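For reference, the chains in residue letters:
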Amino acid sequence: PKDGFWWDSQLRVTTPFQGGIHYLEYFAHALAEFDACKITRGGLYLDAGHDKMMQGFAKAFRTLPEQKFETVSATTDPVTVRTLVVKGKRYLYMVNREYYPVKVSINFNHTPSQFMDLATSQKLDASQKWEVTLGSYELRSLGMMPETKIVNFTSIVPTEIVSELTQKEEAAATAANTLKSKKVELPVGMEKLLANINTALKEGRYA
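What comes next is a walk through the structure. Given the structure is predicted, the values throughout are model-derived calculations rather than measurements. (Residues numbered from 1 in each chain as written. Predicted model: local features only at pLDDT ≥ 70, side-chain atom pairs only at ≥ 80, totals over all residues. Heavy atoms only, no water.)

## As for helix α1 (residues 25-34)
Then, number 1: Within α1, burial applies to Phe-27, Ala-28, Ala-30, Leu-31 and Ala-32.
Then, number 2: At its buried positions, α1 is contacted by α2 (51-61), β2 (79-86), β3 (89-96) and β8 (139-144).
Then, number 3: Once α1 finishes, Asp-35 follows within two positions and takes phi at roughly 50°, a positive value. (Buried < 20%, exposed > 50% of the residue type's maximum accessible area, 1.4 Å probe, protein only. Helix = DSSP H or I, 4+ residues; strand = E, 2+ residues; numbered from the N terminus. Contact = heavy atoms within 4.5 Å.)

Okay, here's the thing in structure tokens:
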């Protein structure tokens, strides 16, 4: 029976998207957090408004084997680096889950051979310590000979971003303390949330 919810015209049915480059955040998060082998997004209809934005991410993503990768280090925040050897070739991908550029430095056990960007098939200038800057929510997929191993990597977040996040954390903590001094009861879980934010900042987990 009619319930009065649906309109005669379904043109009012729309999907909310994050604005600008932030549209890609869900894609970057899915890969960084879960090493996703398949990513889907949609609803009542196909999204035809972000195809150009998705192309760069999709081109890099589709070059990767549909298998679970090995995470290079204990940290996946704000950049995740993973690798896998398949059919005599080492694959490596790195993804920035944040909205600001992050400089990444990867240390290999030796200078990679047949080092290339898989999305563009472009041969890259190889070195034992290789550096690159990942843009907002950017994914890079690389290929090389399997003998090359990733020793470790570091990621450098812009100082202005660290400063901004630190100021926001301090402001939130100050506001909470002000409320407590006035005998205002904080929402359940708020103190734990503030403690977790403080810990994340100290550990450099800015995402």
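Read on for the rest.
## Overview of the sheet that holds strand β7 (residues 129-134)
Then, number 1: The sheet built from three strands is open, its strands ordered β7-β4-β9 with antiparallel pairing. The open sheet has two edge strands, β7 and β9 (150-156), and neither has a second partner. This sheet shows a mean twist of 20° between the axes of neighbouring strands, independent of strand direction.
Then, number 2: As paired strands, strand β4 (residues 102-108) and β9 are joined by six bridges and run antiparallel to one another. Residue pairing across strands places Ile-106 opposite Phe-153, the latter belonging to β9. (Pairing = 2+ DSSP bridges. Axes fitted to C-alpha atoms, helices over the stretch in contact; angles between N-to-C directions.)

## A word on the pattern of salt bridges
Then, number 1: Tallied over the full model, the rule gives six salt bridges.
Then, number 2: When the shortest N-O distance is used, the salt bridge between Arg-140 and Asp-117 registers 2.9 Å. Residue Arg-140 is found in strand β8, and its partner Asp-117 is found in strand β5 (residues 116-117); the two are separated by 23 residues along the sequence.
Then, number 3: Take Arg-140: its relative accessible area is 14%, and that puts it in the buried class. (Salt bridge = Lys/Arg side-chain N within 4 Å of Asp/Glu carboxyl O.)

## Side note on the side chain of Arg-90
Then, number 1: Along the polypeptide, Arg-90 turns up in strand β3.
Then, number 2: Lacking a salt bridge, the buried Arg-90 has Glu-70 as its closest oppositely charged neighbour, with an N-O distance of 5.4 Å.
Then, number 3: A polar contact is formed between the side chain of Arg-90 and the side chain of Thr-83, at a distance of 3.0 Å.
Then, number 4: Engagement of the side chain of Arg-90 in a polar contact is seen with the backbone oxygen of Thr-148, the distance being 2.3 Å. (Lys, Arg positive; Asp, Glu negative; His and termini not counted. Polar contact = N/O pair within 3.5 Å; in protein donor to acceptor, adjacent residues only side chain to side chain.)

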